[in-house]
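Each chain, letter by letter, is given below.
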Amino acid sequence: MENHEMNIVDHLGELRKRLFVVLGSFILLFIVAFIYVEEIYHWLLQDSEIQLAILGPSDIIWVYFMLAGVVTLAGIIPIAAHQIWLFVKPALSVSERKVTLAYIPALFILFIGGISFGYFIIFPIVFDFLLSLAGDLFMSFFTAEKYFRFMMNIVLPFGCLFELPVIIMFLTSIGVLNPYRLAKMRKYSYFGLIVTAVLITPPDIVSDILVVIPLLFLYECSVMLSKIVYRKKQKQEQELALN
């Protein structure tokens, strides 16, 4: 009983240590991002002819916090993933450690790819479409807070959606999913992805196609990667059984 309690205390201590590392890294990254937030602001608006306004002094700090927060989120993903890996590392086999460690840079790369896709492709399409609805009926007037909030609401979901292949690979490696189950779920997954694409894009077929195709491609890549992970896992289990 005492050993069990000591193990729980050790695990809680280790968890607290990992959380402190993540929290400290988040604060440090946020400070760095906040220092360069004006450069980030100008970079995001470098090709835009829109002049943004503010309704009060507090809007400035909210915009700065928003931009610095997104940059910090992108930077904290590999750090948080590595700390999670270090926490569960003692419970993993040598082969599982190598496989799961490779997911960490993939998480970061896919997140950056997702927000880049959302920012460079989807956001201009949605924004231009909504402006076209105004036509000559309204005078366009944008506050910085609403403009960037609208941008983040479109861009950030793609960063999360692009993590799909890594998540499916991880769930396959721990036995929660397998490629055969994913294949059976294909039509339901397609339906869910298509509905998601329709909801986050303007109501025109071109925009829907531009979003649906990458999402379906991501799902098929996930199924293919799941097959690779599943076969390797089965092979390792067979080798262990023979030994």
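Fair warning: this is a prediction, and the values are worked out from it, not measured in the lab.

**Student:** Let's hear about the overall build of the chain: which residues, and what values?
**Tutor:** Along its length, the chain carries ten helices and zero strands. Of the regular secondary structure in the chain, the N- to C-terminal order runs α-α-α-α-α-α-α-α-α-α. Its C-alpha atoms give the chain a radius of gyration of 22 Å, clearly above 18 Å, the size a compact globule of 243 residues would have. Seen along its three principal axes, the alpha-carbon backbone of the chain occupies a region of about 75 × 40 × 30 Å. Burial analysis of the chain (243 residues in total) assigns 33% to the buried set. In the chain, of all internal contacts separated by at least 6 residues, the share reaching a separation of at least 24 is 81%. Here the chain displays about 15,500 Å² of accessible surface, and carbon together with sulfur accounts for 70% of that area. Each charge sign in the chain was given a centre, from 17 positive and 19 negative side chains, and these centres are 16 Å apart.

**Student:** Pulling in residues and values, what's your account of the nonpolar core?
**Tutor:** Within the largest apolar cluster, 48 residues are counted, with the highest numbers of intra-cluster contacts made by L67, I122, Y147, F148 and M151. Counting residues per element, the ones that place at least two in this core are helix 2 (37–44), helix 3 (57–88), helix 5 (103–134), helix 6 (144–161), helix 7 (164–173), helix 9 (186–199) and helix 10 (205–242). The element that contributes the greatest number of residues to this core is helix 5, accounting for eleven residues. Every residue in contact with I122, bar those within four places of it in the chain, is listed here: F117, I154, F158 and V211.

**Student:** Now, about the pattern of salt bridges: what can you tell me, with residues and values included?
**Tutor:** Going through the model one piece at a time under the given rule, you end up with three salt bridges. Here E220 makes a salt bridge to R186, at a shortest N to O gap of 2.9 Å. With a gap of 34 residues between them, E220 in helix 10 and R186 in helix 9 connect regions that are remote in the sequence. For E220, a relative accessible area of 27% gives the class partly exposed.

**Student:** Outline the environment of L161, listing residues and values.
**Tutor:** In this fold, L161 is placed in helix 6. Spatially, the C-alpha atom of L161 lies 14 Å from that of V198, the residues being 37 residues apart in sequence.

**Student:** Go over the packing of aromatic side chains with me, naming the residues and quoting the values.
**Tutor:** All chains considered together, the criterion is met by 21 aromatic pairs. Ring centres of F127 and F142 lie 5.5 Å apart, and the angle between their planes is 45°; this geometry places the pair in the tilted category. Taken together, the residues F127 in helix 5 and F142 in the loop between helix 5 and helix 6 connect sequence positions 15 residues apart. The exposure class assigned to F127 is buried, which follows from its relative accessible area of 10%. Pairwise contacts between aromatic rings join Y41, W43, Y119, F120, F123, F127, F142, Y147, F148 and F150 into one cluster.

**Student:** Describe a nonpolar patch on the surface, with residues and values.
**Tutor:** Taken together, the side chains of F20, L23, F26, I27, L28, I31, V32, I35 and Y36 present a nonpolar region at the surface, about 900 Å² in accessible area. When you line up the elements, L28 lands in helix 1 (residues 2–35).

**Student:** For the side chain of T72, give the residues involved together with the corresponding values.
**Tutor:** Here T72 is to be found in helix 3. Setting aside residues up to four positions removed in sequence, T72 forms contacts with F26, L29, F30 and A33.

**Student:** Go over helix 6, please, and point to the residues and values.
**Tutor:** Taking 1.5 Å of rise per residue, 18 residues should cover 26 Å, and helix 6 covers 26 Å from first to last C-alpha, within 8% of that figure. Where helix 6 is concerned, the buried positions are A144, E145, Y147, F148, M151, M152, I154, V155, F158 and G159.

**Student:** Provide a residue-level description of helix 7, including the pertinent values.
**Tutor:** Every buried residue belonging to helix 7 is among P165, V166, I168, M169, T172 and S173, and all of these are buried. Each buried residue of helix 7 lies within a common arc of 165° when the element is viewed along its axis, so the set occupies one face. G175 occupies a position one or two residues after helix 7 and carries a positive phi of about 90°.

**Student:** Account for the packing of helix 3 against helix 6, naming residues and giving values.
**Tutor:** Packing of helix 3 against helix 6 brings their axes to within 9 Å, and their N-to-C directions diverge by 20°. Relative to helix 6, helix 3 is oriented roughly parallel. As for how helix 3 packs across helix 6, the hand of that crossing is left-handed. Residues V63, M66, L67, V70 and L73 of helix 3 pack against A144, E145, F148, R149, M152 and L156 of helix 6. Residues belonging to the contact of helix 3 with helix 6 are distributed by class as follows: nine nonpolar, no polar and two charged.

Rules of the game
Within any chain, residue numbers begin from 1 and follow the written order of that chain's sequence. Thresholds applied to this predicted model are a pLDDT of at least 70 for local features of residues and 80 or more for the giving and counting of side-chain atom pairs; totals over whole chains, interfaces and linings are not thresholded and use all residues. Side-chain numbers come from the whole structure's heavy atoms, not from hydrogens or water. Runs of H or I in DSSP of at least four residues are treated as helices and runs of E of at least two as strands, each being numbered from the N terminus. Note that the radius of gyration is over C-alpha atoms, with the globule rule given as 2.2 Å times the number of residues to the power 0.38. Think of it in three bands: residues with accessible area under 20% of the maximum for their type are buried, residues over 50% are exposed, and the middle band is partly exposed, with areas taken using a 1.4 Å probe on protein chains only. Throughout, a contact is declared for two residues whenever any of their heavy atoms are within 4.5 Å. Areas reported as accessible are Shrake-Rupley estimates using a 1.4 Å probe. Residue values count occlusion only from the protein chains shown. The sign given to each residue is positive for Lys and Arg and negative for Asp and Glu; His and the chain ends receive no count. A charge is said to be at NZ when it belongs to Lys, at CZ for Arg, at CG for Asp and at CD for Glu. What is meant by a nonpolar core is a set of buried Ala, Val, Leu, Ile, Met, Phe, Trp, Tyr and Cys residues, joined one to another through side-chain atoms within 4.5 Å. Take a side-chain nitrogen of Lys or Arg and a carboxyl oxygen of Asp or Glu: if they are within 4 Å of each other, that pair is a salt bridge. When the centres of two rings from Phe, Tyr and Trp lie within 6.5 Å, Trp using its six-membered ring, the rings pair. Their planes under 30 degrees apart give stacked, over 60 give edge-to-face, and anything left gives tilted. In this analysis, a patch consists of residues with relative accessible area above 30% that form no salt bridge, clustered at 9 Å for like charges and at 5 Å for the nonpolar side chains Val, Leu, Ile, Met, Phe, Trp and Tyr. Helices are assigned an expected span. That span is 1.5 Å times one less than the residue count. Our arc is simply the arc of the directions from the helix axis toward the C-beta atoms. Axis angles are defined between N-to-C directions and span 0 to 180 degrees, where every axis is a line fitted to C-alpha atoms and, for a helix, only to the segment in contact. In this scheme, roughly parallel covers angles under 35 degrees and roughly antiparallel covers those over 145, while 65 to 115 is roughly perpendicular and the rest are oblique. If you view the pair so one helix is near and one far, a crossing is left-handed when the near helix is turned anticlockwise from the far one by less than a right angle, and right-handed when it is turned clockwise. Polar here means any residue outside two lists: the nonpolar Ala, Val, Leu, Ile, Met, Phe, Trp, Tyr, Cys and Pro, and the charged Asp, Glu, Lys and Arg; Gly therefore counts as polar.

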